[in-house]
Amino acid sequence: MLSYVTRRLAALIPILIGVTLLAFIVSHALPGDPARQYAGINASEAQVEAIRERLGLNESLPVQYCVYMIGDTCLGGSGKGGLIRGDLGESIRTGFSVAQDVGARLPATIEMVAAGMLFALVVALPLGVWAAVRKGKLLDRFCRFISTLGVAVPDFWLAMILLLIFFIVLEWLPGPVGRLPIGATPPDGPTGLYVIDSLVSGDWETFRTAVKHLLLPMVAIGFPAVAPILRLTRNATLSVLNSDYIAFGRAAGLRGAPLYLKYVLRNALPGAVTMAGLIAGYMIGGAVLVERVFSWPGVGLYGYNSLINTDYPAIQAYVLLSAVTYTVMFLAVDLVQSVIDPRVRLK
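Residues numbered from 1 in each chain as written. Predicted model: local features only at pLDDT ≥ 70, side-chain atom pairs only at ≥ 80, totals over all residues. Heavy atoms only, no water.

1. Points about the overall build of the protein
In step 1: Assigned secondary structure in the protein consists of 14 helices and zero strands.
In step 2: Each helix and strand of the protein, ordered N terminal to C terminal, gives the series α-α-α-α-α-α-α-α-α-α-α-α-α-α.
In step 3: Across the 347 residues that make up the protein, the buried fraction comes to 42%.
In step 4: Long-range contacts, defined as pairs at least 24 residues apart, comprise 69% of the intrachain contacts of the protein with a sequence gap of at least 6.
In step 5: When the accessible surface of the protein is summed, it comes to about 18,100 Å², and 68% of that surface belongs to carbon and sulfur atoms. (Helix = DSSP H or I, 4+ residues; strand = E, 2+ residues; numbered from the N terminus. Buried < 20%, exposed > 50% of the residue type's maximum accessible area, 1.4 Å probe, protein only. Contact = heavy atoms within 4.5 Å. Areas by Shrake-Rupley, 256 points an atom, 1.4 Å probe, with all protein chains shown as cover.)

Written as structure tokens, this is what we have:
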């Protein structure tokens, strides 16, 4: 297992190098002058040129990419900075280290994505199994309608509809102000996940507030994931129900929960786990619009603001984070598959 994981991680290196090159080219092809935006509209040309020189934007693109990857060695420096040393550069927009900015915002995205995926699994797995058991009945038709609706509804549109219903009309849940009310003190804790940290510290008021703020983003990002997982679980369950070992189990007297949970659901899980892993990777990289709607201070909103302000280092870091997330999720799915299904062997 260790050898397999090591080989897979080593195979990520050329992929990530290609991703950094593509992100570098695309970000520098965007319209706008980051030096002008950094200096302000009232800055003189001399001031803009001084900022461009300080940021290294007056160098050629190959030299800028070399500096981004291996640091100031490309310019005859002492060997500082560079992606190979874990330095993602300095954000043109915020003035802070990109690694510091991403690290401060990543827990917010992880909390929202984890809650959304939990919501999707809790809804999709039972409904998928029940729809297969009740094939052709009202429940089955309802589940197929839900799966079709989930594919057709964009997450950002659903986010706005949820705000319209539960915040504006019913006034049951808070509006798009982020993870906590404006001016509220975040809970103390090592994870940065407000729900977990407040729960561990026993701060029940903050816990309830954090959960209320999390509910709408959770549903908005999780509902589109319900559709593919539900459909795949239903189809896999139908295939399992028609297998010989399930027929033998029924003949041996297995009924109800022992049959469906221990034998049917477990054998239908591999496909659903694969789909869930792929969707989780997409959620982290594609949470931009949902975070924008809810003013959720995660890496998606950070990437959006960086794109608007032509912040090259931040854009490249966001694309790199998305690529790493996808590739790591692929590896995690393979490992989980080998645990769920003993027939899968990692070679």
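2. Examining helix α8 (residues 194-201)
In step 1: Along α8, the residues that are buried comprise Y194, V195, D197 and S198.
In step 2: Packing partners of the buried residues in α8 comprise α5 (98-133) and α9 (204-241).
In step 3: A positive backbone phi angle near 75° is found at G202, which sits one or two residues after α8.

3. Examining the side chain of D311
In step 1: Locating D311 in the fold gives a position in the loop between α13 (299-308) and α14 (312-340).
In step 2: Non-local contacts of D311, meaning those with residues more than four positions away in its chain, are made with S91, I92, R93 and S306.

4. Some thoughts on the packing of aromatic side chains
In step 1: Overall, the coordinates contain four aromatic pairs when judged by the stated rule.
In step 2: Residues F24 and Y65 carry aromatic rings whose centres are separated by 5.3 Å and whose planes lie at 65° to one another, so their mutual orientation is edge-to-face. You can see F24 sitting in helix α1 (residues 2-28) and its partner Y65 sitting in helix α4 (residues 61-70), a full 41 residues away along the chain. As far as the burial class goes, F24 and Y65 line up, both buried.
In step 3: Stacked on the ring of Y194, the Lys or Arg R179 has its end atom at 3.6 Å from the ring centre. (Phe/Tyr/Trp six-rings, centres within 6.5 Å; stacked < 30°, edge-to-face > 60°. Lys NZ or Arg CZ within 6 Å of the ring centre and 35° of its normal.)

5. Considering the nonpolar core
In step 1: Residues M112, M117, I229, L230, M283 and F294 are the most contacted members of the largest nonpolar core, which totals 42 residues.
In step 2: Within the residue set of this core, elements represented by two or more residues are α5, α6 (138-152), α7 (155-169), α8, α9, α11 (256-285) and α12 (288-294).
In step 3: No other element matches the eleven residues that α9 contributes to this core.
In step 4: Not counting chain neighbours up to four residues away, the residues in contact with M117 comprise I229, A276, I279, A280 and M283.
In step 5: Listed in part, the 16 residues of the second largest apolar core include F24, M69, L88 and L320. (Core = buried A, V, L, I, M, F, W, Y, C linked by side-chain atoms within 4.5 Å.)

6. Concerning the environment of P174
In step 1: Looking at where P174 falls in the secondary structure, it is placed in the loop between α7 and α8.
In step 2: Among the residues examined, P174 registers a relative accessible area of 21% and is labelled partly exposed.
In step 3: Each C-alpha atom, one on P174 and one on L214, is 9.4 Å from the other, the two residues being 40 residues apart in sequence.
In step 4: Excluding anything up to four places from it in sequence, P174 contacts L163, F167, K212, H213 and L216.

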